[in-house]
Amino acid sequence: MSVEASPVTGRDPRDCVLPGHVLTPRQEGLAELQRERGRARLEPAEAELLAAAHDTIPPEADDEVSEALRLLTRPLSRDLQIPEYYRYTCMHVYGWFLDRFPDDPVAGALLALHTTLADLAAVERVAWLKNAQVEGGDERIKRLDETIATVCGTVIDPVLGVRVGDLADRAAVDPALNRRTALLAECTRFPRSDKHQENIFLRTVQACENLFFLIRRLSVETAALKEGFPARAAFRLDLAGVCAALLNDVFHVLLTLTPDGFMTFRDYTGAASAVQSLNYHAMEIAVYGYDPRKHEVFGSVDHLTVLNSPEVRDHLPLSAALADTADERLAEGWQRVDRSLAKWRGGHYRFARTYLPSDTPASGGTDGAAYVKRFVKKDACVAGADPFGGLPLLSGFLYR
């Protein structure tokens, strides 16, 4: 049965956005195709269909339908050289989202974090209603609700008292912002397998990527503001402390996943290793300085080689910028950030040791928990002296 083009628009009705939707019917079908069994289990013909959907979009096409199709199918592209970690995590969608907040990327990233966690909570609630025996489901929802409440209560404008919850409320009634947040959720909810437990893992990684960016951006801002605008610097540092603490809250949610649950989908993630994360490595450089022990790691991964550049190595990190501060609020703020990040690194090491069997190779070509353990302490990092070193690289959202 053929589908005729609309006499008004000339467009196939399957490529028209219906009221109350952000994807066209055809795009919703492509999304469901990717979610039904997981992206790693697509048949070759299905993967080719999705790749062609992306790679045949005219470069000059900038309408909303083409925009959504690009976001939806980019990880399947044959034309683009995309590292596996970024094919898995869909960071291009977060990059697109933050590009719409050029004047306040911190607010944008916090709204993206809220959107990601709220979407996970909705998925978990549906699963729980369908099957109350979902492993860890009730506790996971409880921890998610607590974390989302913390995010919503986070103040982003101390003068006006604006909180992240206010941004979320605005997104619910602003048509343009509502579309963006809905697209963010729709175009990032793509596990590699059909295992429900993978949703919590994928969303945790995505949430952490936003937090890595936030901590890095706020650290750079704090160092730049501390002399001329100490009160502003102290607020940005306090916000960095909230984000660092949220890393541990998100990790607390992830721990509702059991080691057995993790292993049900772990093999499907393939070579999508967090070792490839630009946002994480750049955050550590912005906070602690360059770690010469990572020189070989950065050099072995194409998109990480930029982190070995002289400009990045010369960057003055937050730890050095605040080392001799006489401002008590800045000193206390730094201690909160450092303690939370140390706790997160320790938790990451324990997760790797507990959840990855010793005879299972790590996905990033490392030795797994032993690799993570080597970088728990930051005493090997070397501080540069240039407050502008590596910028704007160290202040922007990074992905490939």
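Scroll up to find the structure this text is about.
Residues numbered from 1 in each chain as written. Predicted model: local features only at pLDDT ≥ 70, side-chain atom pairs only at ≥ 80, totals over all residues. Heavy atoms only, no water.

Visitor: Whenever I open this one, the packing of helix α5 (residues 91-99) against helix α10 (residues 198-225) confuses me. Can you help?
Guide: A packed helix pair is summarised by two numbers, namely the angle formed by the two axes and the spacing between the axes. Where α5 meets α10, the closest approach of the two axes is 11 Å, and the angle between their N-to-C directions is 40 degrees. In terms of their interaxial angle, α5 and α10 are classed as oblique. Handedness of the crossing formed by α5 with α10: right-handed. Where α5 abuts α10, its residues M91, Y94 and L98 lie against R203, Q206, E209, N210 and F213. (Axes fitted to C-alpha atoms, helices over the stretch in contact; angles between N-to-C directions. Helix = DSSP H or I, 4+ residues; strand = E, 2+ residues; numbered from the N terminus. Parallel < 35°, antiparallel > 145°, perpendicular 65-115°, else oblique. Left-handed = near helix turned anticlockwise from the far one by under 90°. Contact = heavy atoms within 4.5 Å.)

Visitor: Help me understand unusual backbone geometry in this model?
Guide: Outside of glycine, negative phi angles account for most residues, and trans bonds account for most peptide bonds. The linkage connecting L391 with the following residue, P392, adopts the cis geometry, with an omega of 5 degrees. Summarising the element assignment, P392 is placed in the segment after α18 (369-374). Even without being glycine, C90 reaches a positive phi, approximately 60 degrees. Summarising the element assignment, C90 is placed in the loop between α4 (84-89) and α5. Classification of C90 as buried rests on a relative accessible area of 0%. (Buried < 20%, exposed > 50% of the residue type's maximum accessible area, 1.4 Å probe, protein only.)

Visitor: I would appreciate a short explanation of helix α17 (residues 328-355) in the present structure.
Guide: A turn of α-helix holds 3.6 residues, and therefore any two residues three or four places apart point the same way. Its 28 residues place the ends of α17 40 Å apart at the C-alpha level, agreeing with the 40 Å of an ideal helix rising 1.5 Å per residue. At the N-terminal boundary of α17, the capping side chain belongs to D327, with an oxygen 2.9 Å from the backbone nitrogen of R329. (Expected span 1.5 Å × (residues − 1). Polar contact = N/O pair within 3.5 Å; in protein donor to acceptor, adjacent residues only side chain to side chain.)

Visitor: Even after reading the chapter, I still don't get the packing of aromatic side chains, so can you show me in this structure?
Guide: Aromatic rings in a pair are described by how distant their centres are and how their planes are angled relative to each other. Overall, the coordinates contain 18 aromatic pairs when judged by the stated rule. Between F397 and Y399, the ring centres sit 6.3 Å apart and the planes meet at 45 degrees, which makes this aromatic pair tilted. With a relative accessible area of 15%, F397 lands in the buried category. Overall, Y399 belongs to the partly exposed group, its relative accessible area being 30%. (Phe/Tyr/Trp six-rings, centres within 6.5 Å; stacked < 30°, edge-to-face > 60°.)

Visitor: Would you take a moment to explain the pattern of salt bridges for this structure?
Guide: Working definition: two side chains of opposite charge can pair if their charged atoms are close together. In total, this model carries 28 salt bridges according to the counting rule given. With a closest N to O distance of 2.8 Å, D119 and R189 form a salt bridge. With D119 in helix α6 (residues 105-130) and R189 in the loop between α9 (175-186) and α10, this pair connects stretches of sequence that are 70 residues apart. In this pair, the class of D119 matches that of R189, namely buried. Between K142 and E146 there is a salt bridge, with its nearest N and O atoms 3.1 Å apart. Within this pair, K142 and its partner E146 are both found in helix α7 (residues 137-152), separated by four residues, close to a single helical turn. (Salt bridge = Lys/Arg side-chain N within 4 Å of Asp/Glu carboxyl O.)

Visitor: Would you take a moment to explain the packing of α10 against helix α11 (residues 230-254) for this structure?
Guide: Packing of α10 against α11 leaves a shortest axis separation of 9 Å and a crossing angle of 165 degrees. With respect to their mutual orientation, α10 and α11 come out roughly antiparallel. Every pair of crossing elements has a handedness; the one defined by α10 and α11 is left-handed. By residue class, the composition of the contact of α10 with α11 is 22 nonpolar, two polar and three charged. (Nonpolar A, V, L, I, M, F, W, Y, C, P; charged D, E, K, R; others polar.)

Visitor: Would you take a moment to explain the environment of D145 for this structure?
Guide: Mapped onto the fold, D145 is located in helix α7. Its relative accessible area of 31% is what places D145 among the partly exposed residues. Placed 28 residues apart in sequence, D145 and L117 show a C-alpha to C-alpha distance of 8.9 Å. A distance of 2.5 Å separates a polar atom in the side chain of D145 from a polar atom in the side chain of R125.

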